[in-house]
Amino acid sequence: MQIPSSFRIVALLAVLAFVAAACSNASSTAPTGDGTTSMTNSTGSSDGDDGDGDDDAHQTDHVSGDTSVEVEAEDEEDQFYFKPSTIIGKAGQSIVIAVQNEGGVEHTFTIDDQDIDVSLSPEQVQEVTVTFPDSGSVEYYCRIHVNLGMRGELKVA
Ligand SMILES: [Cu+2]
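Calculation notes
- Residues numbered from 1 in each chain as written.
- Predicted model: local features only at pLDDT ≥ 70, side-chain atom pairs only at ≥ 80, totals over all residues.
- Heavy atoms only, no water.
- Core = buried A, V, L, I, M, F, W, Y, C linked by side-chain atoms within 4.5 Å.
- Buried < 20%, exposed > 50% of the residue type's maximum accessible area, 1.4 Å probe, protein only.
- Helix = DSSP H or I, 4+ residues; strand = E, 2+ residues; numbered from the N terminus.
- Contact = heavy atoms within 4.5 Å.
- Donors = N, O, S within 2.8 Å, 3.2 Å for Na, K, Ca; no water.
- Tetrahedral: all angles 85-135°; square planar, octahedral: opposite > 155°, others 65-115°.
- Phe/Tyr/Trp six-rings, centres within 6.5 Å; stacked < 30°, edge-to-face > 60°.
- Pairing = 2+ DSSP bridges.
- Salt bridge = Lys/Arg side-chain N within 4 Å of Asp/Glu carboxyl O.
- Axes fitted to C-alpha atoms, helices over the stretch in contact; angles between N-to-C directions.

Draft legend 1. Examining the nonpolar core more closely. Counting residues in each nonpolar core, the largest one holds 24 residues, and the members touching the most others are I87, I97, F109, V130 and L154. Residue assignment for this core shows that the elements contributing at least two residues are strand 2 (68-76), strand 3 (79-83), strand 5 (94-101), strand 6 (107-111), strand 7 (116-120), strand 8 (125-131), strand 9 (137-141) and strand 10 (151-156). The contacts of V130, once residues within four sequence positions are left out, are Q93, S94, I95, I97, F109, I111, Q114, I116 and L154.

Next comes the structure, spelled out in structure tokens:
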């Protein structure tokens, strides 16, 4: 009634081969650096999309304990906004923001108090390190479209 050991080895090898194939598939879909992979990332965060429909421009992310967060610069149908537009973290927390320009025109990500002012062409991604204030909030905005309401805030919870 014993399973021959040679069979068990073959079965083990088959499992290993399957795992290896799965791993190589996963790594082959890694970002290639051309900035076109953002669609898969942007749907990953669970906050916000609760079916209300019109809250794209007013999404809130909670980042306490996180080391990085994505912020998209969007322009569509005459709406210019950052998504999320509110980022809630801990007092004094530093975090890397990967700013992605998902729109069709140039945007900036600017925080006056922290000497942050990066410009992004369409589809460009730039990482900036920001620091939450000790209390209250700090504004980030797009210099080009701030008059159209393209701004957001880092807020201490
Ligand atoms: Cu802009």
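Draft legend 2. Quick look at the coordination of the copper ion. Distances from the copper ion to its protein donors, H107 (ND1), C142 (SG), H145 (ND1) and M150 (SD), fall at 1.9 to 2.8 Å. Of note is the copper ion, whose four donor atoms meet at the metal with angles of 87 to 135° in an arrangement that counts as tetrahedral. Here the donor residues of the copper ion share one chain and are spaced in sequence as H-x34-C-x2-H-x4-M.

Draft legend 3. Fine view of the packing of aromatic side chains. Summed over all chains, the structure comprises three aromatic pairs. Residues F82 and Y140 carry aromatic rings whose centres are separated by 5.4 Å and whose planes lie at 75° to one another, so their mutual orientation is edge-to-face. Of this pair, F82 sits in strand 3 while Y140 sits in strand 9, and the two are 58 residues apart along the sequence. Across the pair, Y140 and F82 agree in class, each one buried. Among the aromatic side chains, those forming a connected cluster through ring pairs are F82, F109 and Y140.

Draft legend 4. Layout of the pairing of strand 3. Of all five residues in strand 3, four are buried, a share of seventy percent or more. As paired elements, strand 2 and strand 3 share five bridges and run antiparallel to each other. In the sheet register, D75 faces strand 3, and the bridge partner there is F80.

Draft legend 5. A look at the pattern of salt bridges. For the structure shown, the criterion picks out two salt bridges. A salt bridge links D117 to R143; the nearest nitrogen and oxygen atoms lie 2.9 Å apart. Remark: R143 occurs in the loop between strand 9 and strand 10 and D117 occurs in strand 7; sequence separation between them is 26 residues. A salt bridge links R151 to E139; its shortest N-O distance comes to 3.0 Å. Of this pair, R151 sits in strand 10 while E139 sits in strand 9, and the two are 12 residues apart along the sequence. Since its relative accessible area comes to 34%, E139 is described here as partly exposed.

Draft legend 6. Main features of the pairing of strand 2. Pairing geometry for strand 2 and strand 5, over six bridges, is parallel. Its bridge partner being in strand 5, E72 is matched across the sheet by Q100.

Draft legend 7. Highlighting the sheet that holds strand 5. What the four strands build is an open sheet, ordered 3-2-5-8; its pairing is mixed. The sheet is open, and its two borders are formed by strand 3 and strand 8, each paired with just one other strand. The mean inter-strand angle of the sheet, taken between neighbouring strand axes irrespective of direction, is 20°. Strand direction decides the pairing type here: strand 5 and strand 8, joined by seven bridges, are antiparallel. In the strand pairing of strand 8, V99 is matched with Q126.

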